[in-house]
Amino acid sequence: MRQFIRKNIWAVAPVVFVLVALVLLGSPLSSSKVQETPAEDDNLIVVGVAQVGSESVWRSAHTQSIQDAFTRENGYMLIFDNARQKQANQIKAIRSFISQQVDYIVLSPIEESGWDTVLQEAKDAGIPVILIDRKVSVDDDSLYASWVGSDFVCEGQDAGYWLEDYMKKQGREDDEVNIVVLKGTKGASATIGRTRGFNEVAKVQRNWNILQQGLYFLIFVIILQQVDGEFTTAKGKEEMARLLDQYEDIDVVVSQNDDMTFGALEAIREAGKTAGVNGDITVISFDAVDAGVELVRNGEINIDVQCNPDQGKYVEQIIQDMEAGKEIEKAYYVPERVYTQENVGEEENVTEGISG
Ligand code: GYE
């Protein structure tokens, strides 16, 4: 009998142990305590963000502003995806946000085209999409709720008007001016807008100069050469080196972001030339990240057109407004300024807040 009991105690011991453990820990069979999300998570707004990548200093600041805005303390659960410069990755991220049934999707689209299908899928799932930074070109505008970003055309125009003015001030308005343009990612709103804005101003100058037609008395000549620098320092350097090799006499480089400018400046140095205020080549840049503004201060960059990366808080405000059932605008522009050597020390004179 004793032997029987000893034998059977060992047989039932694991079962008893499991039962005791279940009672002590709370049984997953009888209640849902195990792995349950903390109660307060139920109230968090879940936001899936599809970011372009981390190609530039500007992009890092942009990502930071998003992460600062969508914190737990502010009431959010942020699911952040870095697409590493591939539209296919962004589309995949959006589909995963849809299957996770997030409350909002925030998309910084790498390029403008190719979004109709996936944004329709988000719409069908009832998930509002808010665009940040760049835009999409879709047949149906109702595929996104709103957009927050920069006026890229205006940035390009600012660069063009500055150059026109600079040439006049230097008494060089009658000179031939050879310009090269380092363009950003193909098909991206920043590239399209900055190019369009600058070309608008340049085109007017071109009217004075149709050199090929032999009108030599029309004296202000702009020769534009535009190449892709993909918004990276490495590509900016490579393209600038190639251009310096190809063209003896480059007067101006328009570089569509600071990272490409940093590369271009290296290439200029390596070619034995000088850049900036007292240099051989006038340098126009975009973004105005801290290191860019520093180069304006020391004269290596002539003008840096600011692109404001601090956009997360505005998207967060849009979501709050949507939650409160308020009307929202289709587009919001962030405040921006232009840095030149003359004004670089001055306080920011931009107004806070966005304009619709
Ligand atoms: O200028 C560049 C970045 O879309 C405004 O993308 C953005 C641009 C920015 O990589 O540095």
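Conventions and cut-offs
- Residues numbered from 1 in each chain as written.
- Predicted model: local features only at pLDDT ≥ 70, side-chain atom pairs only at ≥ 80, totals over all residues.
- Heavy atoms only, no water.
- Helix = DSSP H or I, 4+ residues; strand = E, 2+ residues; numbered from the N terminus.
- Phe/Tyr/Trp six-rings, centres within 6.5 Å; stacked < 30°, edge-to-face > 60°.
- Buried < 20%, exposed > 50% of the residue type's maximum accessible area, 1.4 Å probe, protein only.
- Lys NZ or Arg CZ within 6 Å of the ring centre and 35° of its normal.
- Core = buried A, V, L, I, M, F, W, Y, C linked by side-chain atoms within 4.5 Å.
- Contact = heavy atoms within 4.5 Å.
- Salt bridge = Lys/Arg side-chain N within 4 Å of Asp/Glu carboxyl O.

**Examining unusual backbone geometry**
With phi around 70 degrees, Phe231 is a residue other than glycine that occupies positive phi space. When you line up the elements, Phe231 lands in the loop between strand E7 (221-228) and helix H7 (233-246). Phi angles above zero are rare outside glycine, and Ala288 is one such case at about 60 degrees. With respect to the helices, strands and loops of the structure, Ala288 is situated in the loop between strand E9 (282-287) and helix H9 (290-297).

**Considering the packing of aromatic side chains**
Per the stated rule, a full pass over the model turns up three aromatic pairs. Relative to Tyr76, the ring of Phe70 lies with its centre 4.8 Å away and its plane at 85 degrees, an arrangement referred to as edge-to-face. What makes Phe70 buried here is its relative accessible area of 4%. A ring pair is formed by Trp147 and Tyr333, whose centres lie 5.2 Å apart and whose planes are at 75 degrees; its orientation type is edge-to-face. Of this pair, Trp147 sits in strand E5 (residues 146-149) while Tyr333 sits in strand E11 (residues 331-333); the two residues are 186 residues apart in sequence, bridging distant segments of the chain. If you follow Lys135 out to its NZ or CZ, it ends over the ring of Trp147, 4.2 Å from the centre. Stacked on the ring of Tyr144, the Lys or Arg Lys330 has its end atom at 4.5 Å from the ring centre.

**Section: the nonpolar core**
Formed by 30 residues in total, the largest nonpolar core has its most connected members in Leu182, Met240, Leu244, Ile250, Val253, Ile268 and Ile281. When residues of this core are traced back to their parent elements, those giving at least two are strand E6 (176-183), H7, helix H8 (258-270) and H9. With six residues, H8 is the largest single contributor of residues to this core. In this view, Ile268 contacts Met240, Leu244, Val253, Lys273, Thr274, Ala275 and Ile281; residues no more than four positions away in its chain are not counted. Among the nonpolar cores identified, the runner-up in size contains 24 residues, and Phe97, Ile98, Ile127 and Leu143 belong to it.

**Quick notes on the pattern of salt bridges**
All told, the structure shown has 17 salt bridges when counted by the stated rule. Close ionic contact of Lys235 with Glu239 constitutes a salt bridge, the shortest N to O distance being 3.2 Å. With Lys235 and Glu239 both in helix H7, this residue pair falls four residues apart, about one helical turn. Both residues of the pair, Lys235 and Glu239, count as buried. In this structure, Glu300 engages Arg269 in a salt bridge whose closest nitrogen and oxygen atoms are separated by 3.1 Å. Taken together, the residues span a long stretch of sequence, with Glu300 in the loop between H9 and strand E10 (303-306) and Arg269 in helix H8 at a distance of 31 residues. Sharing partners across several salt bridges, the network here consists of Glu55, Arg59, Asp133 and Arg134.

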